[in-house]
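Examination of the molecular architecture
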Amino acid sequence: MKREIISPKAEGKLLELAGKVEMNPYLQAIKGVAKNLLALTVVGSILALASKNYLVDLTSISVGLIGIVFIINLNAEINKILGNEANKYLLINLLAIVALLFGKSEFDLSKLGTMGIILSLIFVPINIKFARKLENILDQILGEKIPFGAKEKLVEVLALIIIGLIYTMLSYLSEKIFAMSLASAIFFIANPVLNIFDQPLVLGVLVFIIQLYWYLGVHGDSIVDPFILPLAIRNINENIINWSRGLELDHIFTETFLSNFLLLSGSGLTIGLIIILLLKKGNPFYELGQMSIKPALLGINENIVFGIPLTKNKDFFLPFVIGPSLVAILISLAFKYGYIGKAIIQPVGGLPFFVQGFLMNLSLKSILAQLVIIGLATLMYSPFAYKLIKENNN
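The sections below set out a description of the structure shown in this document. (Residues numbered from 1 in each chain as written. Predicted model: local features only at pLDDT ≥ 70, side-chain atom pairs only at ≥ 80, totals over all residues. Heavy atoms only, no water.)

1. Quick word on the overall build of the protein
Let me state the cut-off plainly: Only DSSP runs of H or I covering at least 4 residues are called helices, and only runs of E covering at least 2 are called strands; the numbering of each starts at the N terminus. Categorising residues by exposure relies on relative accessible area from a 1.4 Å probe, with only protein chains included: less than 20% of the type maximum marks a residue as buried, more than 50% marks it as exposed, and the intermediate range marks it as partly exposed. Here the accessible surface of atoms and residues is derived via Shrake-Rupley with a 1.4 Å probe, and residues count as covered only by protein chains that are part of the display. This count recognises Lys and Arg as positive and Asp and Glu as negative, with His and chain-terminal groups excluded. Every charge is mapped to an atom, namely NZ of Lys, CZ of Arg, CG of Asp or CD of Glu.
A tally of helices and strands in the protein yields 17 helices and 0 strands. Summarising its shape, the C-alpha atoms of the protein cover approximately 85 × 50 × 35 Å along the three principal directions. Here the protein, with 394 residues, has 51% of them falling under the buried criterion. For the protein, the exposed surface amounts to about 18,800 Å²; the carbon and sulfur share of it is 68%. Here the protein holds 31 positive side-chain charges and 26 negative ones, and the gap between their average locations is 5 Å.

So, in structure tokens, the structure goes:
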């Protein structure tokens with residue numbers, strides 16, 4: 001009897017972790033808000049292209065507005081979890097993020113759509129929970145001396161003033177001690193950690209985690225999305241701003257890079273397998289290949305993943321899990337060292353991956369890179385696919 005590639009104990013731990021992520025309302029709120037916001041980054045991309053060297057401030061405004069929308073939506077989702085009205089504490093959170101971001105000489109609206117998105121993940125839930133506790137304390141202090149309706153509004157105003165003063169003081173101290181805004185001080189320390197997804201090896205590990213969960217029959221992208229999508233939005237926004245200002249682009253990792261290069265045609269680079277199934281008419285999986293090719297061009301591959309199936313299929317562990325991770329490292333190196341341009345546009349979803357790849361940086365090199373990925377994927381799946389066809393022909 002062959003040993004399982006993943007032991008039952010390890011599988012249990014991985015599935016337990018996946019369950020915790022899927023059942024965590026805060027993480028699911030982040031994922032929902034980030035996914036809904038991706039389309040808005042298209043606006044910033046278009047403005048950056050249209051207004052480079054002419055209307056830079058317009059680009060900054062559009063990116064800043066993306067950050068504001070993120071804060072508004074995240075505030076609403078967390079309030080929904082806690083049973084509050086959607087807009088409750090919104091002003092507190094907006095003022096807090098502004099106080100954290102902008103020092104005396106650091107007013108740049110685009111920071112709301114870059115650093116502001118990351119800061120809101122931490123401070124929005126903290127502010128809401130702290131404000132609730134503060135309101136309860138103020139409510140007890142005021143007692144029955146003020147009519148209920150008036151007291152409720154007074155408590156909200158007092159909580160806003162107190163929390164506003166706290167953040168103003170923190171901002172003032174940061175300027176005095178570090179000569180920069182508190183956000184800049186935080187990111188001076190945090191950026192090396194936040195930027196690890198621009199490292200090819202880390203991207204290879206990310207793809208491995210995604211593929212490992214797909215191998216176990218779990219939607220791997222869904223497990224990692226709450227952790228990576230806000231960062232992906234920050235990265236594309238920073239690239240957009242840098243492009244509009246004629247600066248060097250910092251980030252490889254964006255959502256469109258992940259979807260249209262590292263996970264081209266869907267998780268596992270399964271277009272390579274589909275091509276092999278279509279090369280020889282009459283094989284038992286030819287019709288499955290026909291059904292799968294069009295969705296694959298749009299990044300949808302459930303047909304092939306569950307039709308073979310590739311989940312818990314030891315014969316396909318190497319090309320489905322290990323192979324895409326190695327290809328991810330190779331392709332990321334090409335972007336890191338400038339052979340292919342980094343993303344300056346977040347294309348609209350639902351387009352074929354060749355179109356999205358080109359629109360990402362307006363370079364035909366992207367399409368060439370995708371063709372290389374398809375070639376590598378086809379080679380990677382070849383021996384395993386031909387073995388599968390041979391076994392099912394007998």
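2. Some words on helix H11 (residues 255–262)
An α-helical turn contains 3.6 residues, so a residue and the one three or four places further along point in the same direction. Defined as follows: Throughout, a contact is declared for two residues whenever any of their heavy atoms are within 4.5 Å.
Burial analysis of H11 places 7 of its 8 residues in the buried class, the great majority of the element. Buried residues of H11: Glu-255, Thr-256, Phe-257, Leu-258, Asn-260, Phe-261 and Leu-262, and no others. At its buried positions, H11 is contacted by helix H2 (25–38), helix H9 (200–215), helix H10 (220–244), helix H15 (317–336), helix H16 (353–361) and helix H17 (364–393).

3. A short note on the nonpolar core
What counts is decided by this rule: The criterion is simple. A nonpolar core is a set of buried Ala, Val, Leu, Ile, Met, Phe, Trp, Tyr and Cys residues joined through side-chain atoms within 4.5 Å.
With 102 residues, the main nonpolar core has Leu-206, Phe-257, Leu-273 and Ile-308 as its most contacted residues. At 12 residues, the largest contribution of residues to this core is made by helix H6 (residues 115–142). Ignoring anything within four residues of it in the chain, the contact list for Phe-257 reads Leu-203, Ile-252, Leu-262, Ile-331, Ser-332, Phe-335 and Met-360. With 6 residues, the next largest nonpolar core counts Ala-18, Tyr-213, Val-218 and Ile-223 among its residues.

4. So, the pattern of salt bridges
Where we set the bar: The salt bridge definition used is simple: a Lys or Arg side-chain nitrogen within 4 Å of an Asp or Glu carboxyl oxygen.
Enumeration over the complete set of coordinates arrives at 9 salt bridges. Note that Lys-20 is salt-bridged to Glu-16, the shortest N-O span being 3.6 Å. Of this pair, Lys-20 and Glu-16 are both found in helix H1 (residues 8–23), 4 residues apart, which corresponds to roughly one turn of the helix. Given the relative accessible area of 41%, Glu-16 is considered partly exposed.

5. A few points about the packing of aromatic side chains
Our working definition: The criterion for an aromatic pair is that two Phe, Tyr or Trp rings (for Trp, the six-membered ring) have centres within 6.5 Å, with stacked assigned to planes under 30 degrees apart, edge-to-face to planes over 60 apart and tilted to the rest. By the criterion adopted, a ring carries a charge over it if an Arg CZ or a Lys NZ lies within 6 Å of its centre and within 35 degrees of its normal.
Inspection of the entire model under this criterion finds 10 aromatic pairs. Both rings, one in Phe-316 and one in Phe-384, keep their centres 6.4 Å apart while their planes meet at 45 degrees; by these two values the pair is tilted. A residue pair is termed long-range when its members are at least 10 positions apart, and Phe-316 in the loop between helix H14 (302–307) and H15 and Phe-384 in helix H17 qualify at 68 residues. By relative accessible area, Phe-316 is classed as buried at 1%. One aromatic cluster in this structure is built from Phe-257, Phe-261 and Phe-335. Residue placement shows Lys-88 over the ring face of Tyr-89; its charged tip is 4.9 Å from the ring centre.

The values reported here are purely geometric and, on their own, carry no functional implication.
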